[in-house]
Structures are given as structure tokens and as C-alpha cells.
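Observations on the three-dimensional arrangement
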Amino acid sequence: MDQPPTIRDRLFAVVTVFLAVVLLLPALVWRPRRARELACGWALGLRFPAEDLTGLTDGARAAFTTARTEAFWRHGQLIGLTSGHRDPAAQQRLFDEEVRRCGSPAAARLRVLPPAESGHVAGIALDVRPREGALWLEKHGARHDLYRTYDNEWWHFEYRPETHGVPPRRLPYPGVAEPASC
């Protein structure tokens, strides 16, 4: 069951919005056309200091940056990145750990894909937080070609521009093969 945001979460959100407003002036001086994006990025970088957007494809990074800027300034919603690109060795370690935990590769695939099949390795997958941010992205992400792809992972989104605004069929979990098209 999902827990509502704590007082601490709300306080962090208020402080982050305050910082973004304060940082808007220097951002306007530095890059007037990108001021809102920069101020948002700086403030969210302080709120979510461990996030790392390196390794994402240019399109995925731009879509995520644009989407969370919109979420922040238009809707007051904070979206942080928990995990983006992973190198193949890191993805393999995650898969191997899940195989050990679950007892078989087939069971592990319900939660973690091997490197050759992972959107994280391809640089198009984004694991986001908090839950409210993921809900916003699920509702509005299609405008940025960002889609929630698995029923069992509320946090997992993928950049899919090839769908041309039509959401890809959401799968129940990662290990399900894409349905055959007619």
C-alpha cells in the first residue's frame, strides 16, 4: 500500500521550489531561453543529489529534462531520477543477484532483464521517484515520448519516440515478450 508523502517529503518539496525560484534570476542572466529548465535542474539536483543522467541517449535525456521542467513549473511536481543508464556489467550483476534470489533465470526476468534486453543498458529507461512524480509522468509523459512500460514497476519509464505518441502496450512485468503484431 502506498504511503502518503511525509512531512519531511513536503518540507523538502517546499524548499526545492523556493530554491528554484531563487535560482531563476541567475539562470535568467546566464541562459535566458533556458532559465526555467536550468533553475529546475539546479534545484532538483540539490533535492536528488545522487541522480545521474549520463549515459542516457540524447533523446531520453532531453525528454526527461523537458518533462520534469513542465511538471515542476506548471504543476509543482518534483520528479527525480533513481536510475537511468546502466553499463552491461552492472545490469548483469543485478540480473545474477535476482537469479540467486529467485532460483532461476525465468523467475528473475519477472523483475530484472539481462543486459542485452534492458532499456537501462540501451540508455532509454528511467526509474523515477517519488510516487507522485511517477503518477504525473504516467499521465503527461506521452507528450515527451516517455511511457510506463510495466504494470509491476510504477517507477519504470522508457523513452519511445518511435510510437509517435501512441503508448506502447504495457506489459505485466519485464520478462514478457512483446506481443506479436498482426
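Computed from a predicted model, the values in this text were never measured in an experiment.

Quick word on the pattern of salt bridges
Pairing between side chains of opposite charge can happen when their charged atoms approach one another. Applying the stated criterion to the full structure yields twelve salt bridges. Two residues, Arg-61 and Asp-58, come together in a salt bridge whose shortest N-O distance is 2.7 Å. On the criterion of helical spacing, the pair formed by Arg-61 and Asp-58 is a turn pair, its members being three residues apart in helix 3 (residues 58-75). On the accessibility criterion, Asp-58 (59% relative accessible area) is exposed. A salt bridge links Asp-127 to Arg-86, with the shortest nitrogen-to-oxygen separation between them at 3.3 Å. Of this pair, Asp-127 sits in strand 2 (residues 125-129) while Arg-86 is found in the loop between strand 1 (80-83) and helix 4 (88-102), placing the two residues 41 residues apart along the sequence.

A closer look at the environment of Gly-175
Looking at the secondary structure, you find Gly-175 in the segment after strand 4 (156-159). Along the chain, Gly-175 and Ala-106 lie 69 residues apart, while their C-alpha atoms are 7.7 Å from each other. If near-sequence neighbours (up to four positions away) are discounted, Gly-175 is found in contact with Arg-109, Leu-110 and Leu-113.

Observations regarding the nonpolar core
Within the largest apolar cluster, 17 residues are counted, with the highest numbers of intra-cluster contacts made by Phe-64, Ile-79, Leu-126, Val-128, Leu-137 and Leu-146. Listed by contribution, the elements that provide at least two residues to this core are helix 3, strand 2, helix 7 (131-140) and strand 4. A total of five residues in this core trace back to one element, the largest contributor, which is helix 3. Those residues in contact with Phe-64, other than ones at most four positions away along the chain, are Leu-53, Ile-79, Gly-80, Leu-81, Leu-126, Val-128 and Leu-146.

Some points on the packing of aromatic side chains
In the structure shown here, the tally under the stated rule is three aromatic pairs. Their ring planes at 25° and their centres at 6.1 Å tell us that Trp-30 and Trp-42 sit as a pair that is stacked. Placement of the pair is Trp-30 in helix 1 (residues 7-30) and Trp-42 in helix 2 (residues 35-47), with a sequence separation of twelve residues. Taking relative accessible area as the criterion, Trp-42 reaches 31% and is therefore assigned partly exposed. A ring pair is formed by Trp-154 and Trp-155, whose centres lie 5.5 Å apart and whose planes are at 85°; its orientation type is edge-to-face. For Trp-154, a relative accessible area of 25% gives the class partly exposed. On the basis of relative accessible area, Trp-155 is assigned to the partly exposed category, the value being 26%. The cationic tip of Arg-31 hangs over the ring face of Trp-30; the distance from NZ or CZ to the ring centre is 4.9 Å.

Parameters and conventions
Residues numbered from 1 in each chain as written. Predicted model: local features only at pLDDT ≥ 70, side-chain atom pairs only at ≥ 80, totals over all residues. Heavy atoms only, no water. Salt bridge = Lys/Arg side-chain N within 4 Å of Asp/Glu carboxyl O. Helix = DSSP H or I, 4+ residues; strand = E, 2+ residues; numbered from the N terminus. Buried < 20%, exposed > 50% of the residue type's maximum accessible area, 1.4 Å probe, protein only. Contact = heavy atoms within 4.5 Å. Core = buried A, V, L, I, M, F, W, Y, C linked by side-chain atoms within 4.5 Å. Phe/Tyr/Trp six-rings, centres within 6.5 Å; stacked < 30°, edge-to-face > 60°. Lys NZ or Arg CZ within 6 Å of the ring centre and 35° of its normal.

Don't take any of this as a statement about function, it's just geometry.
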